[in-house]
Structures are given as structure tokens and as C-alpha cells.
Amino acid sequence: ADPLGLTWVAPSEPPSTLAYVPGVPRFGERVLRLLNPGEEDAIASVRAVAGAGAFTPVGLEAIDVPAGQVVDVDLEPVGDEALAVEVSSTQPVVSAVRLRQTPGSGLSDIAVVGSTPALETPSASRISVADDRSSRVVITALPEEVPDGAPGPETSSPAVGETPEATPEETVAPSPQETAAPSPEQTAASTPEATAGSSPDDTDDETPEPSPDDDLVELSVATTDVLVRVVADDGTTLDSKVATLALGTTETFPVDLPDDVDQAWVVLEPADPGVVLAARETTTTVSVPDALDPDEEREAFWLDLVPLRSATVTVTVPPVVADIRSGLPAQPSSS
């Protein structure tokens with residue numbers, strides 16, 4: 001009687017000891033899902049990269065992920081901010097976030113976003129304003145210090161690209177709500193002093209725990225720029241802004257379309273390859289027929305959440321054979 005929602009699910013990155021899930025919204029029931037496909041138990045640690053910076057939420061410093069099992073982790077301790085989730089673990093795991101939002105007594109919708117690498121090249125996503133939809137891009141700049149093996153630059157000093165020019169009116173600034181610091185109840189500092197001894201089981205000395213200071217790589221840039229363009233189907237640029245983010249922060253930028261345009265593209269062009277993560281979020285509220293009484297309608301939340309990936313610039317095609325028949329199975333001879 002109550003549909004549970006529908007969503008397209010983009011693939012997560014392969015199992016890894018370090019992963020980032022971008023574009024986690026500030027609303028809804030948010031659950032981090034961890035899969036350990038290996039044969040050894042893993043201990044995972046979670047950091048939230050939010051508007052005020054990266055921090056380790058209370059209770060998420062050490063999460064047991066048994067071998068061959070899936071573990072769901074409630075993300076309520078991260079607070080009510082849009083953010084990216086950093087997952088580091090002692091064994092390779094697969095990470096994703098499942099979101100559910102319900103409008104009052106109406107019908108809910110779900111979205112799933114998996115771990116995604118940082119953008120190395122421009123990226124684009126389709127947007128639409130049909131049915132009063134509103135779209136946003138959630139952009140995260142990797143923290144200044146990231147564990148070795150992060151999906152960012154391969155060296156500690158990434159090359160800084162040319163910063164796109166923008167007038168003061170075009171420069172995007174974070175709102176006070178987006179830069180509000182997490183409350184002390186929600187935040188545990190990610191320094192060794194703050195996280196030491198915070199494991200639920202401190203007596204198990206044989207189980208290694210990930211440390212925030214293990215093999216850290218420091219990025220050389222303090223801020224990074226992302227050119228956010230809205231492009232019509234004919235290639236015309238409808239809007240253009242430069243988003244400047246401090247490393248280790250996440251910000252949300254609304255995407256608007258002119259009144260006479262229903263659909264377009266949002267294009268992100270990072271100035272520094274391998275430094276930012278991004279996702280496109282679209283929401284609206286619609287009316288749908290009641291499953292038990294088709295003559296009545298119910299309010300329903302509509303949600304679409306898509307992680308952005310680097311544009312593919314190289315495509316590997318299979319070898320071409322001289323005769324197409326050489327690729328066909330042998331046919332039985334007929335008398």
C-alpha cells in the first residue's frame with residue numbers, strides 16, 4: 001500500500017581501505033552501508049567533511065565490519081549538514097550511503113550514493129525543473145591532510161591550474177547555515193588525543209584500529225576553485241559562477257534555469273585535478289494516486305541523487321577483425 005521509493009544506483013568504487021561518499025544531503029534518514037567482501041574482519045573509522053571542516057562524529061571512531069558481512073551505520077551523529085563521508089578501514093570495504101525522506105504523512109522516496117573518486121576532469125549532469133523540481137550541486141574539497149591512498153592527487157603538491165575569472169557578483173560564498181560549526185555533542189576532534197581510547201572495546205589489543213595520523217598526505221593548496229556552468233542543449237552557457245572552497249569543507253550551490261528552459265546541463269570544471277568531489281541533488285513534492293483508493297491522491301517526496309564522475313576522455317575499444325565471420329561460432333555443415 002505504501003511504495004518505498006525508486007532510485008537509480010550508480011556503482012561504487014571497488015573495495016578499498018579509503019573511500020569518499022560525496023553529496024550526502026542535510027535531510028532525511030541517512031545510513032552508511034559498509035560491505036566487507038574479504039576473509040578478515042575490518043575496523044572502519046568515519047570522518048564527516050562538512051561546512052566547518054572535517055571531524056570524527058562521536059561513536060563512529062571504530063566500527064566493526066565482520067568478514068563477508070554488511071553493516072549499516074546510522075549517520076545521525078554527523079549533524080544536519082550536507083557533507084561527504086570519508087571511510088578508512090583496516091581491510092578493503094565497499095561504502096555507500098542510503099537516504100530516505102518522507103514529507104510529513106506522505107510517501108517517502110529513497111536515494112543511494114556510492115563511493116566516488118575525486119574529479120580529474122570536467123563533469124556534467126542533467127537537470128530539470130519539471131514538476132517544480134529544484135536542483136543543487138554539493139561540492140566537497142578534500143581535507144588538507146588525507147590518509148595515504150586517498151582518491152586525490154598522487155603527490156603531496158598537486159599542480160594548481162589556472163583559476164577561472166569571475167566578477168564579485170559571480171563568486172559563490174557559503175551561507176551562515178552552511179558554515180556553522182558542528183556542536184560539541186555531535187563532534188569529536190580528529191586529533192590523536194581526542195580519538196584515543198574511544199573504541200567501544202579498548203581491551204582488545206590484537207585488533208588494529210585506523211589512526212587519523214597514519215600515513216597522512218598534506219595537500220599544498222589551501223583553497224580550490226570549481227567553475228560551475230549551466231549549459232543549454234545547444235551548448236549556450238546560461239549561467240557561470242566560480243565556487244571557491246577551503247580544503248576539508250563541503251558547500252551546496254543551487255542551480256537555477258531561465259523561465260523558458262525546462263532542462264539543461266550543469267557542468268563542473270575543477271581548477272585542481274584530484275581535489276574535489278561532487279554530486280547533483282534534485283528534489284520536489286508530487287501528488288500520486290493512492291494505492292488503496294485510485295480516486296484519491298497522496299503527497300509524495302521525489303528525490304534524485306547522482307554522484308558526478310570525471311568525463312571519459314579515453315575509450316578502449318576491442319580489436320577489429322578483418323572478417324566478421326571469424327568472430328562467429330562455427331556453423332554445422334549441411335548435406
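Residues numbered from 1 in each chain as written. Predicted model: local features only at pLDDT ≥ 70, side-chain atom pairs only at ≥ 80, totals over all residues. Heavy atoms only, no water.

Asker: What exactly am I supposed to notice about the pattern of salt bridges here?
Answerer: It is possible for side chains bearing opposite charge to pair when their charged atoms get close. Counting across every chain of the model gives nine salt bridges. Here D72 and R33 are joined by a salt bridge, their closest N and O atoms 2.8 Å apart. Placement of the pair is D72 in strand β6 (residues 70-74) and R33 in strand β2 (residues 29-35), with a sequence separation of 39 residues. Looking at D72, the relative accessible area reads 40%, which means it is partly exposed. Classification of R33 as partly exposed rests on a relative accessible area of 39%. Of the charged contacts, one joins R126 and D233 as a salt bridge, the two residues approaching to 2.5 Å between their closest N and O atoms. Residue R126 is located in strand β9 (residues 123-128), and its partner D233 is located in the loop between β15 (223-231) and β16 (237-246); the two are separated by 107 residues in the primary sequence. Given the relative accessible area of 28%, R126 is considered partly exposed. We classify D233 as exposed; its relative accessible area is 55%. (Salt bridge = Lys/Arg side-chain N within 4 Å of Asp/Glu carboxyl O. Helix = DSSP H or I, 4+ residues; strand = E, 2+ residues; numbered from the N terminus. Buried < 20%, exposed > 50% of the residue type's maximum accessible area, 1.4 Å probe, protein only.)

Asker: Teacher, can you tell me more about a negative patch on the surface here?
Answerer: A surface patch of like charges, here negative, comprises E29, D74, E76 and D80. On the secondary structure map, D80 appears in the loop between β6 and β7 (83-101). (Patch = residues over 30% accessible without salt bridge, like charges linked within 9 Å, V, L, I, M, F, W, Y side chains within 5 Å. Areas by Shrake-Rupley, 256 points an atom, 1.4 Å probe, with all protein chains shown as cover. Lys, Arg positive; Asp, Glu negative; His and termini not counted. Charge placed at Lys NZ, Arg CZ, Asp CG, Glu CD.)

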